[in-house]
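Here's the letter readout for the chains.
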Amino acid sequence: MKQRSLLRALACYYPKSIREEFDFGGLMAGRIPDNIQKVLICLDFDDEVLPLAIKTHPDIIITHHPFFFGTPVHVMKEDPIKKKLYENVLKNSLCVYSLHTNFDAGHPGMNDALAEALELTDVVEVKESPMMRGGRLKEPMEVHEFAKYAKEKLNVDYGLLIACGKQTIETVALIGGGGWHDNKLAQEKGFDIYISGDIPHHGRRDVVLRHYNYLDLPHEIENIFVDRMKRTLLEIDPSLEIVECVHEKLPEVI
């Protein structure tokens, strides 16, 4: 597939115009070849993925999290591991392309995929927060039962539940990754529970004092990016060869 055709198609799904102002994305490292047939997809491109990339030698590596979160000069000055990895990308004629918050907000994107995995119905985008999706469970669940259900459906081993709101869950709002700060909006919109991650102590206290439900699931639920991006790419061109890499493991619970 021609490079320009693929990038234009991806831009239709995940336009730069919906990317957050703080974000980085697009071509991160290397040079995209004129023709693309093989694509490696991973949540993050790091030293653990490099051997697979060298072995399979994809035409392009597509990641969710930006390879450089900041200017390359600044990042490499502060991070010698990333600098060495960047040098290996160039040495092995690889290229890394990232789709971050535009994938989170896009259709079908990260949060569409998470809502689909939870089998939510009547899914809507919350206009005040374009990444947020909200929907309805097929059947109401007790809040602890729902937390276990969500953990299993989103393929993680643990979560942190604040169960200070309604004890029966019918509606759910979510943002994958570090979208904890929008939990107040989810409550204002009438959702029974909000799912996101990376919430700090003061955020948890705020949820408790507002008598709301919050399920903090690890950032690794975003591994669903790999499958969703694969499906998007094959919708664009079924002849593409896709190499999937889900390598990020959860910390041990001790």
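**A word on the overall build of the protein**
In terms of regular secondary structure, the protein is built from 10 helices and 11 strands. Its C-alpha atoms give the protein a radius of gyration of 19 Å, within 12% of the compact-globule value 18 Å for 254 residues. By principal-axis analysis of the C-alpha atoms, the protein measures approximately 55 × 40 × 30 Å. Going through the 254 residues of the protein one by one, you find that 51% of them count as buried. Taking the contacts inside the protein whose residues are at least 6 apart along the sequence as the reference set, 67% of them involve residues at least 24 apart. Here the protein has roughly 12,600 Å² of accessible surface; of this, 52% comes from carbon and sulfur atoms. Charged side chains in the protein number 30 positive and 40 negative. The centres of these two groups are separated by 4 Å.

**Overview of the sheet that holds strand β4 (residues 96-98)**
Read from one edge of the open sheet, 5 strands run β1-β4-β3-β2-β11, paired in mixed fashion. Because the sheet does not close on itself, it has two edges, and the strands there are β1 (26-29) and β11 (241-245). The sheet shows a mean angle of 30° between the axes of neighbouring strands, taken without regard to direction. In the sheet, strand β2 (residues 38-42) pairs with strand β3 (residues 60-63) via 4 bridges, with the strands oriented parallel. Pairing of Val-39 across the sheet is with Ile-60, part of β3.

**A word on the nonpolar core**
Ranked by internal contacts, the top residues of the largest apolar core, which has 45 residues, are Leu-10, Ile-62, Phe-146, Ile-195, Phe-225, Met-229 and Leu-233. Membership of the second largest hydrophobic core comes to 19 residues, among which are Cys-42, Phe-45, Ala-53 and Leu-94.

**Here's the deal with the packing of aromatic side chains**
Overall, the coordinates contain 10 aromatic pairs when judged by the stated rule. Centroid distance Phe-67 to Phe-68: 4.8 Å. Interplanar angle 75°. Geometry classified as edge-to-face. Judged on exposure class, the residue Phe-67 and its partner Phe-68 are both buried. When the ring centre of Phe-67 is taken as reference, the NZ or CZ atom of Lys-82 above it lies at 4.8 Å.

**Thoughts on the sheet that holds strand β7 (residues 160-163)**
A sheet is described by the order of its strands in space; here 6 strands give the open sequence β5-β6-β8-β9-β10-β7, paired in mixed fashion. In the strand order of this sheet, the two ends are held by β5 (121-125) and β7, each with one partner. Across the sheet, the axes of successive neighbouring strands diverge by a mean angle of 25°, strand direction being ignored.

**Details of the pattern of salt bridges**
Overall, the coordinates contain 14 salt bridges when judged by the stated rule. Where Glu-119 meets Lys-138, a salt bridge forms, and the shortest distance between an N and an O atom there is 3.4 Å. Remark: Lys-138 occurs in strand β6 (residues 133-142) and Glu-119 occurs in the loop between α6 (110-117) and β5; sequence separation between them is 19 residues. Taking relative accessible area as the criterion, Glu-119 reaches 32% and is therefore assigned partly exposed. Under the relative-accessibility criterion, Lys-138 is labelled exposed at 56%. A single network of salt bridges, built from pairs that share partners, joins Asp-112, Glu-125 and Arg-133.

Scoring rules and cut-offs
- Here the residue index of a chain counts from 1 through its sequence in written order.
- Reporting of local features is limited, given that this is a predicted model, to residues whose pLDDT is at least 70; pairs of side-chain atoms are given and counted only at 80 or more, and all residues count toward the totals for whole chains, interfaces and linings.
- The basis for the side-chain values is all heavy atoms of the structure; hydrogens and waters are excluded.
- Secondary structure follows DSSP: runs of H or I at least 4 residues long count as helices, runs of E at least 2 residues long count as strands, and numbering of each begins at the N terminus.
- The size measure is the radius of gyration over C-alpha atoms, and the globule rule it meets is 2.2 Å times the number of residues to the 0.38 power.
- In this scheme, a residue with accessible area under 20% of its type's maximum is buried, one over 50% is exposed, and one in between is partly exposed, where area comes from a 1.4 Å probe on protein chains only.
- The contact criterion used throughout is that any non-hydrogen atoms of two residues lie within 4.5 Å.
- For accessible areas, the Shrake-Rupley method is used with a probe of radius 1.4 Å. Any residue's cover is judged against the shown protein chains and nothing else.
- Asp and Glu are treated as the negative residues and Lys and Arg as the positive ones, with His and the ends of the chain left uncounted.
- To locate a charge, take NZ of a lysine, CZ of an arginine, CG of an aspartate or CD of a glutamate.
- In this scheme, strands are said to pair when DSSP sees at least two bridges between them.
- The convention used is that axes are lines fitted to C-alpha atoms, helices contributing only their stretch in contact, and that angles between N-to-C directions extend from 0 to 180 degrees.
- Put simply, a nonpolar core is a bunch of buried Ala, Val, Leu, Ile, Met, Phe, Trp, Tyr and Cys residues held in one set by side-chain atoms that sit within 4.5 Å of each other.
- The aromatic pairing rule takes the rings of Phe, Tyr and Trp, using the six-membered ring of Trp, and pairs them if the centres are within 6.5 Å, calling planes under 30 degrees apart stacked, those over 60 edge-to-face and the rest tilted.
- In our convention, an over-ring charge means Lys NZ or Arg CZ found within 6 Å of a ring centre and within 35 degrees of that ring's normal.
- Salt bridges are identified by distance alone: a Lys or Arg side-chain nitrogen within 4 Å of an Asp or Glu carboxyl oxygen.

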